[in-house]
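Tertiary structure, described
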Amino acid sequence: MTGQMAPVLDIRAVAKVYGEGETAVHALRGVSVKVERGDYVAIMGASGSGKSTLMNIIGCLDIPSSGSYLLDGTNVGVLDEVRLAIVRNRKIGFVFQSFNLIPRMSALANVELPLAYGGVKSAERRTRALAALDQVGLAERVGHQPNELSGGQQQRVALARALVTSPTLLLADEPTGALDSKSSDDVMRIFDGLSATGRTIVLITHEDDVAAHAKRVIRLMDGQVVEDVRRSPVGGLPPRLAEVTT
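As the structure is a prediction and not an experimental result, all values here were calculated from the model.

1. Remarks on the pairing of strand β8 (residues 201–204)
- With burial as the criterion, each face of β8 is covered, one bearing Ile-201 and Leu-203 and the other bearing Val-202 and Ile-204.
- Bridge count between strand β3 (residues 40–44) and β8: 4 bridges; the pairing is parallel. Residue pairing in the sheet places Ile-43 in a bridge with Ile-204 of β8.
- For the crossover from strand β7 (residues 169–173) across helix α6 (residues 181–196) to β8, the handedness is right-handed.

2. Here we look at the sheet that holds strand β10 (residues 224–230)
- Across the sheet, which stays open at both edges, the 6 strands sit in the order β6-β7-β8-β3-β9-β10 with mixed pairing between neighbours. The open sheet has two edge strands, β6 (92–95) and β10, and neither has a second partner. Between one strand axis and the next, the sheet turns through 15° on average, direction left out of account.
- Contacting β6 and β7, helix α5 (residues 151–163) runs over the sheet at an angle of about 170° to β6.

3. Quick word on the packing of helix α3 (residues 107–117) against α5
- The contact between α3 and α5 brings their axes to 7 Å, and the two run at 30°. Here α5 runs roughly parallel to α3, going by the angle between their axes. You can see that α3 and α5 cross each other, and the crossing is right-handed. Contacts between α3 and α5 involve Ala-107, Asn-110, Val-111 and Pro-114 from the first element and Val-157, Ala-160 and Arg-161 from the second.

4. Regarding the nonpolar core
- Formed by 38 residues in total, the largest nonpolar core has its most connected members in Val-111, Leu-133, Val-157, Leu-159, Leu-170, Phe-191 and Leu-203.
- When residues of this core are traced back to their parent elements, those giving at least two are β3, α3, α4 (122–135), α5, β7, α6, β8 and α7 (208–211).
- A total of 6 residues in this core trace back to one element, the largest contributor, which is α5.
- Those residues in contact with Leu-203 that lie beyond four places of it in its chain are Tyr-40, Val-41, Ala-42, Ile-43, Ala-172, Pro-175, Met-188, Phe-191 and Val-210.
- Within the second largest apolar cluster, 29 residues are counted, among which are Tyr-69, Val-87, Phe-94 and Ile-204.

5. Comments concerning the pattern of salt bridges
- One pass over the full model with this rule turns up 11 salt bridges.
- As a salt-bridge pair, Arg-216 and Asp-39 come within 3.4 Å of each other at their nearest N and O atoms. Placement of Arg-216 in strand β9 (residues 216–221) and of Asp-39 in the loop between β2 (25–35) and β3 is noted, with a sequence separation of 177 residues between them. Residue Arg-216 shares its accessibility class with Asp-39, and that shared class is buried.

6. Examining the pairing of β2
- Where strand β1 (residues 9–18) lies against β2, 7 bridges are found, and the strand directions are antiparallel. When the bridges of β2 are listed, Val-14 appears paired with Val-31.
- Between β1 and β2, which pair antiparallel in sequence order, lie 6 residues; one of them, Gly-19, sits at a positive phi of approximately 85°.

7. Section: the confidence of the model for the protein
- Residues of the protein with pLDDT of at least 70 account for 93%, and the chain-wide mean is 91.
- Counting contacts from residues 237–246, a segment whose pLDDT is below 50, to residues more than four positions away or on other chains yields 28 contacts.

8. Some remarks on the sheet that holds β2
- If you walk across this open sheet you meet the 4 strands as β2-β1-β4-β5, and the pairing is antiparallel. The open sheet has two edge strands with one neighbour each: β2 and β5 (74–75).
- Relative to β1, helix α1 (residues 51–58) is tilted by about 125°, and along the sheet it contacts β1, β2 and β4 (66–71).

9. Brief notes about α1
- Among the 8 residues in α1, 6 count as buried, and that is most of the element.
- All buried positions along α1 are accounted for by Lys-51, Thr-53, Leu-54, Met-55, Ile-57 and Ile-58.

10. Some remarks on unusual backbone geometry
- Even without being glycine, Ala-13 reaches a positive phi, approximately 50°.
- Position of Ala-13 relative to the elements: it lies in strand β1.
- Backbone geometry places Asn-100, a non-glycine residue, at a positive phi of 55°.
- As for its position among the elements, Asn-100 is in the loop between β6 and α3.

Rules behind the numbers
- Residues numbered from 1 in each chain as written.
- Predicted model: local features only at pLDDT ≥ 70, side-chain atom pairs only at ≥ 80, totals over all residues.
- Heavy atoms only, no water.
- Buried < 20%, exposed > 50% of the residue type's maximum accessible area, 1.4 Å probe, protein only.
- Helix = DSSP H or I, 4+ residues; strand = E, 2+ residues; numbered from the N terminus.
- Pairing = 2+ DSSP bridges.
- Right-handed = clockwise from strand over helix to strand, strands pointing away.
- Axes fitted to C-alpha atoms, helices over the stretch in contact; angles between N-to-C directions.
- Contact = heavy atoms within 4.5 Å.
- Parallel < 35°, antiparallel > 145°, perpendicular 65-115°, else oblique.
- Left-handed = near helix turned anticlockwise from the far one by under 90°.
- Core = buried A, V, L, I, M, F, W, Y, C linked by side-chain atoms within 4.5 Å.
- Salt bridge = Lys/Arg side-chain N within 4 Å of Asp/Glu carboxyl O.
- pLDDT = per-residue confidence, 0-100.

Written as structure tokens, this is what we have:
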């Protein structure tokens, strides 16, 4: 199955083992998950549950010990490092807990980075980066460096950077973990709005109030899926994305 008919994520009996023999750590034990286009999923679990390992595999940052993983119909397990880097850049938009912004670059320049790596010309980079920053409510902060922005604003720059390539999957690792409650609410409203427009979103989180925004919650324990449920997300349809406080 390929192209538009394929699930965005198709994880099949994936296992991940670190080390060998008696010291081997079985981080994942035969995990199978499908995520369809437009789904909004929270992956939860306590420390040691395997959720970070699963995130690294979903993000093409690590490879399974066994099993297979198809991203948008592509079996990433057969790709070399160059092709894998291209897939990461084009197919996945990453949002990390620690923002990972370049300190001495403006918000606009930070958002342009994935497009620069992808070979997009300067004028188009600027246009798309400005649009992404406007989408997260930061049109007035494009020239600011990270140290001139609040934590919530920095995470929204990181979110704009993740969106600027129009990725197939938005993958967020503890996106509100470094934020106060007000900034967390602002960021989650943006995720809710993106979901309402059909974005495919996977959140890695240990926080119930963050997971409550998702349409589906997958819970891991000891490297296995122990719960996979659908529910109505909190809040209903959100207002326009840019309507978050600055």
